[in-house]
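# Structural overview for review
Listed here are the chains, written in short residue letters.
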Amino acid sequence: MSAADWLRMASDLRAVRDDNAASIQIRRSGVTLPAQTVRIARAGTIAQRSDTGGLEQSSGRVVVVGEPSLDIKIGDRFNVQGELYEVDFVRPNRRAATVAEARLVA
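I will try to describe carefully the structure that is included in this document.

Cut-offs used in this document
- Residues numbered from 1 in each chain as written.
- Predicted model: local features only at pLDDT ≥ 70, side-chain atom pairs only at ≥ 80, totals over all residues.
- Heavy atoms only, no water.
- Helix = DSSP H or I, 4+ residues; strand = E, 2+ residues; numbered from the N terminus.
- Buried < 20%, exposed > 50% of the residue type's maximum accessible area, 1.4 Å probe, protein only.
- Contact = heavy atoms within 4.5 Å.
- Areas by Shrake-Rupley, 256 points an atom, 1.4 Å probe, with all protein chains shown as cover.
- Core = buried A, V, L, I, M, F, W, Y, C linked by side-chain atoms within 4.5 Å.
- Expected span 1.5 Å × (residues − 1).
- Arc of directions from axis to C-beta.
- Salt bridge = Lys/Arg side-chain N within 4 Å of Asp/Glu carboxyl O.

## Things to note about the overall build of the chain
Looking only at helices and strands, one finds one helix and eight strands in the chain. When burial is assessed residue by residue, the chain has 32% of its 106 residues classed as buried. The long-range share in the chain, meaning contacts at least 24 apart out of those at least 6 apart in sequence, stands at 48%. Looking at the chain as shown, the accessible area adds up to about 6700 Å², and 51% of this sits on carbon and sulfur atoms.

## Notes on unusual backbone geometry
With a phi close to 50°, S29 is a non-glycine residue in the positive phi region. Along the chain, S29 falls in the loop between β2 (27-28) and β3 (31-32). For S29, a relative accessible area of 78% corresponds to the exposed category.

## So, the nonpolar core
Counting 17 residues, the largest nonpolar core has I40, V64, I72 and F78 as its most contacted members. Within the residue set of this core, elements represented by two or more residues are β1 (21-24), β4 (36-52), β5 (55-66), β6 (77-80), β7 (83-90) and β8 (98-105). Considering every element that reaches this core, the biggest residue donor is β7, with three residues. Every residue in contact with I72, bar those within four places of it in the chain, is listed here: I26, R28, V64, V87, V90, R94, T98 and A100.

## Re helix α1 (residues 3-19)
A rise of 1.5 Å per residue sets the reference length of α1, with its 17 residues, at 24 Å; its end C-alpha atoms lie 25 Å apart and thus fit the reference within 8%. Here α1 has its buried residues at W6, A10 and R17. The buried residues of α1 occupy an angular sector of 40° when the element is viewed end-on, so they sit on one face.

## Here's the deal with the environment of Q36
By the secondary structure assignment, Q36 is in strand β4. For Q36, the residues in contact, after removing those within four places along its chain, are A22, S23, I24, I26, L70 and D71.

## A word on the pattern of salt bridges
Applying the stated criterion across every chain, the model contains 13 salt bridges. Put simply, R39 and D19 hold a salt bridge, and the shortest N to O gap is 3.8 Å. Of the two residues, R39 sits in strand β4 while D19 sits in helix α1, which places them 20 residues apart along the sequence. With a shortest N-O distance of 3.6 Å, R61 and E101 are connected by a salt bridge.

What follows is the structure, given as structure tokens:
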């Protein structure tokens, strides 16, 4: 792929992100990072509910898409519309965009 191909892909992914953008403030090790723009999309239909020792938790999977420079790491947490998310994975290829996987914890 050429440099022009990667630029075109980045532009296309930016348009997808901006079509339903969310502003998030990531919390990492007691520090809140400046707001960043992402798109959050449900990742399939898998949801989980667990009950351990009287504590009940539900979770679902989401994909977080942002600029290649998106500052996001495994273990980061953020809220959108009152929902708590925790990052489980960040894909290493950031040439056109940063794609992370997170779980919605309810």
